[in-house]
Each structure stands twice: as C-alpha cells, then as structure tokens.
Amino acid sequence: MSRNELIRPLSPTVAGAVTQPIVPPLLTTKEGWNASATRRLTPPDLQDCAPKGTAVGPLDPRMMYHGEMLPVITPALRRGLLDARRLLRTSRFRSVGRTMNMLIDGDRGTGKSTLLVQIGRGYQGLIEADFGPDPDRIPVIYINVPPERDNNLHWSLPFAEFLGLDHTLHRKDRTRRPTDMTEAITHVMNEASTQLVLIDGIDRIKDSEITAAFDYFEALQDRTRITFIFCGTGAREVVHRARYDDKRKNLPDAVKGKTYFSDLPVLWAEAIPYSDDWHRVVQAFEDDLRLYDHKPSTLLKLSRCLHRRTGGYIETLSYLICQAAQEAIETGTEAITKELLDDIRIGRGDSR
C-alpha cells in the first residue's frame, strides 16, 4: 500500500479536498462516520496560507492541520490493512454460517484505533466504488463499548445511536427510560446492507459481562451478514474467554483441554523498534510538516532522540511532533528544533 492509497479520498462521492472541520465529527454517529470516511486527507498548501510572520489564531488552517496531521503507515498499519482486506474480501461472498471476525490488540498508544478506523474507511470506499453512492446504504457501523453492558438493551443503544433511531419509549420526553432496540437495528442493518461493525474499547468489558456481550454479538450475526472487528488492549484474551472459557463444559471431549492462542485473526499493533521502519515513520511526519523555515532532515537526524523520548509509540510521537509544529507556528519560529522538542512534555521519556 502506498501513502497515497491511504490518504486519498476513497469514496467516489468526494470530488476534491474537504475543509478540516473545526469540531471533529463523532465517529459513533452515521453522519460523523460518513464525514470522516469520505473526507480527503490533504495538508494545506503554504502558498494558500497566511504569509510568514502573520499572527495566527487557533483556527488558522495550519494550526488545525498540525493538530492531527496525516496518518502514517507503520508496519502494524500496513500489515493490518492487508490482513483485513483479505478476510473482508472473502467474507463478502460467504452465504453459510457466520462470517469470521477479527481482533486488533496491542499496547496503549500503538495506533490500534487508527488501524480500526482505516479498515472501516477503506472498506466503505470499496463498497461505494463497486456499487456507487447510495444514501440508504450503511456499509460500516462504528461504536464504542457502552458504559453499561448488562443486557441486550444496553448493547442495542450504541447501535441505535449510530443509526439515528429513537430509542426512548416516549418521543416527547427523552428523559424516559430507553427500550431494547435490537429488532429495529437488525432490520435497518439488513435493509441498509451493513457488512462491517467496528467495536472499539472491547477491553472495558468485565469478566462478568463477557458472556452477555458475546451472546449478543452472535445473535446479531445470526440475523445479519456482518463481520465484527473488536479492538482494544487485551482483545485476544477477552474474545478467547468469551468463545471458550465460559463454555468449556459444553465442549466435546476431543476439544476439552486444548488451548488456542486465538482461533480468530489477530492484528497486532506494537511499539516500533529503532530501525529502518522507525526512520521511515519519522521521515513521513517530516514530509507532512507545513512550516516555512523547517530544514529538511532535521527530524530524521533526531530519530534516536525521538525514539528515546517516545519509546517507539506512534501516538506519543504524533503528539510530540504536532505540539512542536503548532508551537513553531504560534511563536513565529516556523521550525522544529531539538530545544523545542525537549521543552514539550508527553510522558514516557520525559523523566528529568
């Protein structure tokens, strides 16, 4: 996968660059997800920005852009997108049984949620490229694990929120208690040809809640043609317990006693070791900077220092570079230096 394939608009409905929103959309709503999935990722052109030396505010295009910048292809992202593409391509044409789910696991700060969103973004683009735009189609649903997870009602609510379904008993009084929306959401998912459900934060499910949660997921799969991707630190252990530990007494004798690392594909996100991969990641960030006086290869020459500061964690590296870039714009220095990087606190390697 090339960098251009990752950041280009994946939907045929997007004709050109879309201005970065002042308030980032919530991915847990259909409108927010679609806005993010179809937004063309592009850095601002310096020729179109305020001239050097002009005082800028927080809503300046370069300030907003350097709040997040573009996704960088890490080894985990490249491999994860390849594995997901292969599985989802096959699952689209399966007619018997449940489709195979996937897991995204790894330490905090390794880019798991970025991988999850990029998989969904790419899959939605693929569907729209194959069948054309359709406002009634909802190929991908993105939800976070809800704060209450005791029963089907609680699990149905984030699906209903994403789909925009009214889940209260009384339309005129939304303070009334909600109702189980499982019947409605399965109907909408089938009508809207939903095929992929992304669940972030699966590690928040407690041991006592695992059985209820995964019984619900399996019930949805029995009534729809969806594939789940579960994301979170420790996702492999959570799903393994759901599939085997709580049901081991019901397994045939030939299976009892066996342990599996995972009988589902696991996409691992890890800290990047100090290597050529790390240099490529740092170079990608440097290439995406939009500063008037930044000297090429400055960050690359600081690769070892950056790795020591961040431990190889992509999220920490991103926050460090983004803060430094915004500071350089606001102060008018228009360059990232080691002194500036040393002055920014990000955790991990900040011990003084």
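Above this text is the structure in question.
Now for a description of the structure that goes with this document. Note that the structure is predicted; figures quoted are calculated from it, not measured. (Residues numbered from 1 in each chain as written. Predicted model: local features only at pLDDT ≥ 70, side-chain atom pairs only at ≥ 80, totals over all residues. Heavy atoms only, no water.)

1. Some details on the overall build of the chain
When helices and strands are counted, the chain shows 14 helices and 5 strands. Looking at the chain as a whole, 47% of its 352 residues qualify as buried. Of the contacts made within the chain by residues no fewer than 6 positions apart, 74% connect residues no fewer than 24 positions apart. (Helix = DSSP H or I, 4+ residues; strand = E, 2+ residues; numbered from the N terminus. Buried < 20%, exposed > 50% of the residue type's maximum accessible area, 1.4 Å probe, protein only. Contact = heavy atoms within 4.5 Å.)

2. What to know about the side chain of asparagine 101
Note on placement: asparagine 101 falls in the loop between α4 (75-91) and β1 (102-106). A distance of 2.9 Å separates the side chain of asparagine 101 from the side chain of glutamine 221, its partner in a polar contact. Sequence-distant contacts of asparagine 101, that is, excluding residues within four places in its chain, are made with Leu87, Gln221, Thr227, Phe228, Phe230, Leu264 and Pro265. (Polar contact = N/O pair within 3.5 Å; in protein donor to acceptor, adjacent residues only side chain to side chain.)

3. Describing helix α7 (residues 182-191)
Of the positions making up α7, those classed as buried are Thr182, Ile185, Thr186 and Met189. Looking straight down α7, one finds its buried side chains confined to an arc of 100°; they lie on one side. Of the exposed residues in α7, those oriented more than 90 degrees away from the buried face are Glu183 and Glu191. The elements touched by buried residues of α7 are β2 (140-144), α6 (152-163) and α8 (210-223). (Arc of directions from axis to C-beta.)

4. Side note on unusual backbone geometry
Even without a glycine there, the phi angle at methionine 69 is positive, about 60°. Locating methionine 69 in the fold gives a position in the loop between α3 (61-65) and α4. With phi around 55°, glutamate 334 is a residue other than glycine that occupies positive phi space. Residue placement: glutamate 334 occurs in the loop between α13 (314-331) and α14 (338-342).

5. Thoughts on the nonpolar core
Counting 56 residues, the largest nonpolar core has Ile119, Ile202, Phe214 and Phe217 as its most contacted members. Of all hydrophobic cores here, the second largest spans 31 residues; its members include Val72, Val281, Leu291 and Ile346. (Core = buried A, V, L, I, M, F, W, Y, C linked by side-chain atoms within 4.5 Å.)

6. Re the side chain of arginine 62
By the secondary structure assignment, arginine 62 is in helix α3. Within the structure, the side chain of arginine 62 is placed 2.9 Å from the backbone oxygen of arginine 290, a separation counted as a polar contact.

7. As for the packing of α4 against helix α5 (residues 112-131)
Relative to each other, α4 and α5 sit at 45°, their axes nearing to 10 Å. Taken together, the axis directions place α4 and α5 in an arrangement best described as oblique. Crossing of α4 against α5: the hand is right-handed. Residues Ala76, Leu77, Gly80, Leu81, Ala84 and Leu88 of α4 touch α5, and the partners they reach there are Leu115, Gln118, Ile119 and Tyr123. Considered class by class, the residues forming the contact of α4 with α5 number 8 nonpolar, 2 polar and no charged. (Axes fitted to C-alpha atoms, helices over the stretch in contact; angles between N-to-C directions. Parallel < 35°, antiparallel > 145°, perpendicular 65-115°, else oblique. Left-handed = near helix turned anticlockwise from the far one by under 90°. Nonpolar A, V, L, I, M, F, W, Y, C, P; charged D, E, K, R; others polar.)

8. Things to note about the sheet that holds β1
Ordered by their spatial adjacency, 5 strands build an open sheet running β2-β3-β4-β1-β5, and the pairing between neighbours is parallel. With one partner strand each, in any of the chains shown, β2 and β5 (266-269) form the two edges of the open sheet. Between one strand axis and the next, the sheet turns by 15° as a mean value, whatever way the strands run. Sheet analysis places β1 next to strand β4 (residues 227-231), joined by 3 bridges and oriented parallel. Paired with leucine 103 across the two strands is phenylalanine 230, which belongs to β4. Contacts from helix α9 (residues 235-243) reach β1, β4 and β5, with the element oriented near 135° to β1. (Pairing = 2+ DSSP bridges.)

9. Notes on α8
Taking 1.5 Å per residue as the helical rise, α8 with its 14 residues ought to reach 20 Å, and the 20 Å between its terminal C-alpha atoms agrees with that figure. All buried positions along α8 are accounted for by Ile210, Ala213, Phe214, Tyr216, Phe217, Leu220 and Gln221. Projection of α8 onto a plane perpendicular to its axis shows the buried side chains occupying an angular sector of 150°, all on one side. Taken together, the buried residues of α8 touch α6, α7, β3 (196-200), β4 and α9. (Expected span 1.5 Å × (residues − 1).)

10. A closer look at the environment of glutamate 286
With respect to the secondary-structure elements, glutamate 286 resides in helix α10 (residues 276-288). Owing to a relative accessible area of 6%, glutamate 286 belongs among the buried residues under this scheme. Taking the C-alpha atoms as reference points, glutamate 286 and threonine 298, separated by 12 residues in sequence, lie 8.1 Å from one another. Those residues within four positions of glutamate 286 in sequence are excluded, and the remaining contacts are His294, Lys295, Pro296, Ser297, Thr298, Leu299 and Leu300. From its side chain, glutamate 286 meets the backbone nitrogen of threonine 298 in a polar contact 3.0 Å long. A distance of 2.9 Å separates a polar atom in the side chain of glutamate 286 from the backbone nitrogen of leucine 299.

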